[in-house]
Amino acid sequence: MPVFQNEQELYDVLGRFFERVAETEESKELIASTELGPGYDAFVQYIFHKPEAKITWTAENGALKIVCGETDLRPELVFEQTADVGHKFWLGKLDLQQALARQQIKVQGPLVNALKVLPQLDAIYPAYRDYLQEIGRDDLLR
């Protein structure tokens, strides 16, 4: 049985979590220090399958903005995976390099940019677990 039953549930959980992450000082510093390549207007887009969903991270007025659903934004980096794989990743139960090697996560764009933020992810994993508990979704911690 999939972790998320439909697109809206995925947005309600992962999308809202990403919005919280966007407000952290680390995210603000990351935005300030990151330059998008020519022709791009978004940092990253997560494409999920089972259920089908998209979440895009862009900048607006110097802050990170999360866009759930279809968008015309052009992301510099795209991660494609099932929603279950994405959930495991944010729980810290899936190593990015292994997931890439096994093609559980497919990447389009400069992977070196993704690898730059790996050290910062260690602080985000516990925040996702805490967020799930806070919103009463302990069922997703298993």
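Residues numbered from 1 in each chain as written. Predicted model: local features only at pLDDT ≥ 70, side-chain atom pairs only at ≥ 80, totals over all residues. Heavy atoms only, no water.

**Q** I would appreciate a short explanation of the overall build of the protein in the present structure.
**A** Along the backbone of the protein there are 6 helices and 5 strands. Seen in sequence order, the protein has helices and strands lined up from the N terminus as α-α-β-β-β-β-α-α-β-α-α. At 14 Å, the protein has a C-alpha radius of gyration in line with the 14 Å of a compact globule built from 142 residues. For the protein, the spread of C-alpha atoms along the principal axes amounts to about 40 × 30 × 30 Å. In the protein, which comprises 142 residues, the proportion classed as buried is 41%. Long-range contacts, defined as pairs at least 24 residues apart, comprise 67% of the intrachain contacts of the protein with a sequence gap of at least 6. Split by element, the accessible area of the protein, about 8,000 Å² in all, is 48% carbon and sulfur. The distance from the centre of the 15 positive side-chain charges to the centre of the 23 negative ones in the protein is 6 Å. (Helix = DSSP H or I, 4+ residues; strand = E, 2+ residues; numbered from the N terminus. Rg over C-alpha atoms; globule rule 2.2 N^0.38 Å. Buried < 20%, exposed > 50% of the residue type's maximum accessible area, 1.4 Å probe, protein only. Contact = heavy atoms within 4.5 Å. Areas by Shrake-Rupley, 256 points an atom, 1.4 Å probe, with all protein chains shown as cover. Lys, Arg positive; Asp, Glu negative; His and termini not counted. Charge placed at Lys NZ, Arg CZ, Asp CG, Glu CD.)

**Q** Is there a simple way to think about helix 6 (residues 118–134) in this case?
**A** Along an α-helix, a turn takes 3.6 residues, which lines up residues three or four apart on a common side. Between its first and last C-alpha, helix 6 extends 25 Å over 17 residues, near the 24 Å set by a 1.5 Å rise per residue. At Ile 124, helix 6 shows its maximal bend, which comes to roughly 30 degrees, and the proline Pro 126 appears one to four places after that position. Taken together, the buried positions of helix 6 are occupied by Leu 121, Ile 124, Tyr 125, Tyr 128, Tyr 131 and Leu 132. The inward-facing, buried residues of helix 6 contact helix 1 (7–22) and helix 3 (83–91). (Expected span 1.5 Å × (residues − 1). Bend = angle between axes of the 7 residues up to and from the residue.)

**Q** Could you clarify how one ought to interpret the pattern of salt bridges in this entry?
**A** Think of it this way: side chains of opposite charge can pair up when their charged atoms draw near. Under the defined criterion, the tally for this structure stands at 6 salt bridges. The salt bridge partner of Arg 20 is Glu 134, with a shortest N-O separation of 2.7 Å. Of the two residues, Arg 20 is situated in helix 1 and Glu 134 in helix 6; the sequence distance between them amounts to 114 residues. What you see here is one network of salt bridges that share partners, running through Glu 9, Arg 137 and Asp 139. (Salt bridge = Lys/Arg side-chain N within 4 Å of Asp/Glu carboxyl O.)

**Q** I keep staring at the pairing of strand 1 (residues 42–49) and nothing clicks. Help me out?
**A** If a strand is regular, its side chains alternate between the two faces of the sheet. Most of strand 1 sits inside the fold, with 7 of its 8 residues counted as buried. Across 7 bridges, strand 1 lies against strand 4 (residues 75–82) in parallel orientation. Looking at the pairing, Val 44 lines up with Leu 77 of strand 4. For strand 1 and strand 2 (residues 53–60), the ladder comprises 5 bridges, and the chain directions are antiparallel. Within strand 2, the position partnered with Phe 48 by the bridge is Ala 53. (Pairing = 2+ DSSP bridges.)

**Q** Mind showing me how you'd approach the packing of aromatic side chains here?
**A** Aromatic rings considered in pairs are described by the distance between their centres and by the relative angle of their planes. All told, the structure shown has 12 aromatic pairs when counted by the stated rule. For the pair Tyr 46 and Trp 90, a centre-to-centre distance of 6.1 Å together with 75 degrees between the ring planes defines the contact as edge-to-face. Placement of Tyr 46 in strand 1 and of Trp 90 in helix 3 is noted, with a sequence separation of 44 residues between them. Take Tyr 46 and Trp 90: they sit in the same class, and that class is buried. Taken together, Phe 17, Phe 18, Tyr 46, Phe 48, Trp 57, Phe 79, Phe 89, Trp 90, Tyr 125, Tyr 128 and Tyr 131 form an aromatic cluster joined through their ring pairs. (Phe/Tyr/Trp six-rings, centres within 6.5 Å; stacked < 30°, edge-to-face > 60°.)

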